[in-house]
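One-letter residues, chain by chain:
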Amino acid sequence: MNAKCYAVSDFEHQHQGALSFEQYQAMYKESVENPDAFWAEHGKRIDWIKPFTKVKNTSFNKDDLHIKWFEDGTLNVSANCIDRHLAEHADQTAIIWEGDSPDQQQHVSYQQLHDEVCKLANGLKKLGVQKGDRVIIYMPMVPQAAYAMLACARIGAVHSVVFAGFSPHAIADRIIDCQASVVITADVNRRGGKALPLKHNVDEALARDDVTTIKHCVVFNNDDKQLDLPSSQVWWHELTKDCAPVCAPEEMNAEDPLFILYTSGSTGKPKGLVHTSGGYLVWASMTHQKIFNYSPGEIYWCAADVGWITGHTYIVYGPLANRATTVMFEGVPTYPDERRIGQIIDKHQVSILYTAPTAIRALMAKGELAAQDSTRDSLRVLGTVGEPINPEAWQWYYEKVGKTKCQIIDTWWQTETGGAMITPLAGTTPLKPGSATLPFFSVQPALVDSDGKELAGEAEGNLVLKGSWPGQARSIYGNHQRFIETYFSAYENVYFTGDGCKRDADGFYWITGRVDDVLNVSGHRLGTAEIESSLVAHEMIAEAAVVGYPHDIKGQGIYVYVTPIAGTEVSEELTKSVRDWVRKDLSPIATPDMIQWAPGLPKTRSGKIMRRILRKVAANEYDQLGDTSTLADPSVVDNLIENRLNR
Ligand code: 6R9
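Model, not experiment: these values are computed from the prediction. (Residues numbered from 1 in each chain as written. Predicted model: local features only at pLDDT ≥ 70, side-chain atom pairs only at ≥ 80, totals over all residues. Heavy atoms only, no water.)

1. Regarding the UniProt feature "binding site: ATP" (unreviewed entry) in the protein chain
Point 1. Within this numbering scheme, the UniProt entry marks Gly-386, Glu-387, Pro-388, Asp-410, Thr-411, Trp-412, Trp-413, Gln-414, Thr-415, Asp-499, Arg-514 and Arg-525 as carrying the feature "binding site: ATP" (unreviewed entry).
Point 2. You can see Glu-387 is positioned in the loop between β19 (381-385) and α13 (391-401).
Point 3. Taking the relative accessible area as the measure of exposure, Glu-387 reaches 9% and is therefore buried.
Point 4. If we skip the residues at most four places from it in the chain, Glu-387 touches Pro-357, Thr-358, Arg-361, Asn-520, Ser-522, Gly-523, Lys-554 and Gly-555.
Point 5. Here the side chain of Glu-387 touches Thr-358 through a polar contact of 3.2 Å, landing on its backbone nitrogen.
Point 6. Mapped onto the elements of the fold, Asp-499 is located in strand β25 (residues 495-503).
Point 7. Once you skip the residues sitting within four places of it in the chain, Asp-499 turns out to touch Trp-412, Gln-414, Gly-461, Asn-462, Leu-463, Ile-511, Gly-513, Arg-514 and Val-515. (UniProt positions renumbered as here; feature names shortened; annotations may be inferred. Helix = DSSP H or I, 4+ residues; strand = E, 2+ residues; numbered from the N terminus. Buried < 20%, exposed > 50% of the residue type's maximum accessible area, 1.4 Å probe, protein only. Contact = heavy atoms within 4.5 Å. Polar contact = N/O pair within 3.5 Å; in protein donor to acceptor, adjacent residues only side chain to side chain.)

2. Considerations on the pattern of salt bridges
Point 1. By the definition in use, this model includes 35 salt bridges.
Point 2. Notably, a salt bridge pairs Lys-432 with Asp-504, separated by 2.8 Å at the nearest N-O pair. Residue Lys-432 is found in the loop between β20 (407-411) and β21 (444-448), and its partner Asp-504 is found in the loop between β25 and β26 (509-514); the two are separated by 72 residues along the sequence. An identical accessibility class is assigned to Lys-432 and Asp-504; each is buried.
Point 3. Measuring nitrogen to oxygen at the nearest pair gives 2.9 Å for the salt bridge that ties Asp-580 to Lys-576. Of this pair, Asp-580 and Lys-576 are both found in helix α16 (residues 572-585), four residues apart, which corresponds to roughly one turn of the helix.
Point 4. In this structure Asp-580 comes out as partly exposed when scored by relative accessible area, which is 35%. (Salt bridge = Lys/Arg side-chain N within 4 Å of Asp/Glu carboxyl O.)

3. Some points on the sheet that holds strand β17 (residues 325-329)
Point 1. Taking strand neighbours across the sheet as the criterion, the seven strands line up as β5-β4-β17-β16-β18-β19-β20 in an open arrangement whose pairing is mixed. Lying at the two open borders of the sheet, with one neighbouring strand each, are β5 (105-109) and β20. Going across the sheet, the axis of each strand differs from the next one's by a mean of 20°, ignoring polarity.
Point 2. Pairing analysis gives three bridges linking strand β16 (residues 299-302) to β17, with the strands arranged parallel. Bridge assignment links Tyr-300 to a residue of β17, and that residue is Thr-326.
Point 3. Sheet strands touched by helix α4 (residues 110-126): β4 (93-98) and β5. Its angle to β5, the strand with the most contacts, is close to 85°.
Point 4. Packing of helix α5 (residues 143-155) onto the sheet brings it into contact with β4, β5 and β17, and relative to β5 it is tilted by some 30°. (Pairing = 2+ DSSP bridges. Axes fitted to C-alpha atoms, helices over the stretch in contact; angles between N-to-C directions.)

4. Here we look at the nonpolar core
Point 1. Among the nonpolar cores identified, the biggest contains 166 residues, and Trp-39, Leu-113, Ile-184, Tyr-317, Phe-441 and Leu-535 are the most heavily contacted of them.
Point 2. Element by element, the count of residues in this core is highest for α5, at ten residues.
Point 3. If near-sequence neighbours (up to four positions away) are discounted, Leu-535 is found in contact with Ile-541, Ala-544, Val-546, Val-560, Val-562, Val-578, Trp-581 and Val-582.
Point 4. Residues Val-350, Ala-370, Ile-389 and Val-401 belong to the second largest nonpolar core, which totals 27 residues. (Core = buried A, V, L, I, M, F, W, Y, C linked by side-chain atoms within 4.5 Å.)

5. Here's the deal with the site of the ligand
Point 1. Lining the immediate environment of the ligand, one finds 17 residues, of which Asp-410, Thr-411, Thr-415, Asp-499 and Arg-525 sit closest.
Point 2. Glu-387 is positioned with one of its backbone polar atoms (N or O) 3.3 Å from a nitrogen atom of the ligand.
Point 3. Side-chain polar atom of Asn-520 to an oxygen atom of the ligand: 3.4 Å apart, as the coordinates give it.
Point 4. Protein chains shield 96% of the accessible area of the ligand, which is 530 Å² for the free molecule.
Point 5. Across the shell around the ligand, the residue classes tally to six nonpolar, six polar and five charged. (Near = heavy atom within 4 Å. Areas by Shrake-Rupley, 256 points an atom, 1.4 Å probe, with all protein chains shown as cover. Nonpolar A, V, L, I, M, F, W, Y, C, P; charged D, E, K, R; others polar.)

So, in structure tokens, the structure goes:
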């Protein structure tokens, strides 16, 4: 932890208007000691229809949990992201869309964004969508994905974006869980030079007997050709053809839900986290502006997918609320080849790039190629999110991508937190490679041991957060009890993040990764329980256990132990069928990297699988198994070691 520390002055790019470190410290102190006054002031950064008079009303006590911010204020999120910029900046580009193919691009002005959003909002109204109704958005990375989100926000419908890589099964589960009445999708998804069918996943989900709530399916035509649609579905362009490009924004209460986003937990099915309107937007816009020291008009590119929280907060809501020009990229970083990211930066003169360590490592693995054929001189700030960034990847990002001129902004946060929480501020915070540095305003990190005792000073423990912040999720849709149990019951009066963390002598935070049964594969969250339940649904599998192991590019790889049904002959075809099964059942992201057949799993005498042992074998650290005295059958472990795959 005695890493090199970079002062702000070590970077060539200075940041006009950035806070000094002393100003940050003073503001941080104020935000913690006097949150009401602090957020009364900063809550004004967005436009309210009826201004709030109450600011903070929160308690993390599990018997009296409540989280309300700006609770008597009203607003409309889409009006904040669009209408308020029109008077003076209607012609400014809101979205630069870069297609999968390098010769496709589109500039969408704030006026055009307004018109498209209003037309779709009117179209949705025509379909009977009302305030509070749930709408599933299953879209490629095209501007229409953002239009769909903002159209829902405009009329007060609650969107739930489902990542376009997810399976029919995952779509169906989400529709059922939130009882959605409309799905918005597209015919195809373009990635890496291929047009992949997308809508057929929705068709498969809708064909299921238990999917009963969907009344309409709107299809965006993203292909050169047009399929025949069944009569139960409508083309986006047909639906909006006669719709007016004006639609009065619905007046929403600050605490009305804006969206539901599903994410994996350590147990059970994915949880639908509910984010509300006022606090979320204040947090999205304030973090986006302060962290990147953003000024309107700068070209900003967050290379995430709108299907993840990063895409919600830092492609759509935060940037648009701040009158940014936000880049949306349809394709993949390696198509046509590894030079693409640099080429996009030069082509659009991107000042701020925000991406994930897994993407950085993938480029790094290609050596110099990624840096060829582009100057990247427009870059001012480089951001990272999604998983811990190893110091080697940090250095490579800093030296090769940013040519040692740009600060690396490592932002730690979660779907649940709504926006960045532990993060440097560009032009303000000194940096140490691999550390997310210091907390944002009102974020109060603490480290606790497994008994919940708070650890002082330099320490390592479980990361919890004391006190609320405006952007935090308010509930799990349809299961508030699970929300309380998951986040507020492990330790008293604090929010439990599920992450482990170290604090160094300077008070800097270093996230060490999940301490629960959640994997982080290429920055995507996956619950081991979800993968296990998919595996045991395979007809030849009796039992399964899933663990993560260190993977050079993905951060963590998926290692699967499976016990076949008695009498099953294990073969390469069977292994392949298991791999394909999970891929299709859940998502390509969840595809197992290694599948080890095991006649038995290591269990305690009470029948609990000892994952600690499975993790060690998967990491090829089988000589460090620790205490195995509670194993019911020690011979099981010898077999596991003998047949281990990661050598
Ligand atoms: C935004 C997002 C959340 C989990 C989180 C942690 C990991 C995210 C990180 C990081 C270390 C960072 N994580 N950012 N770990 N350094 N800068 O990724 O949300 O998909 O919900 O994942 O990702 O483990 O708990 P989400």
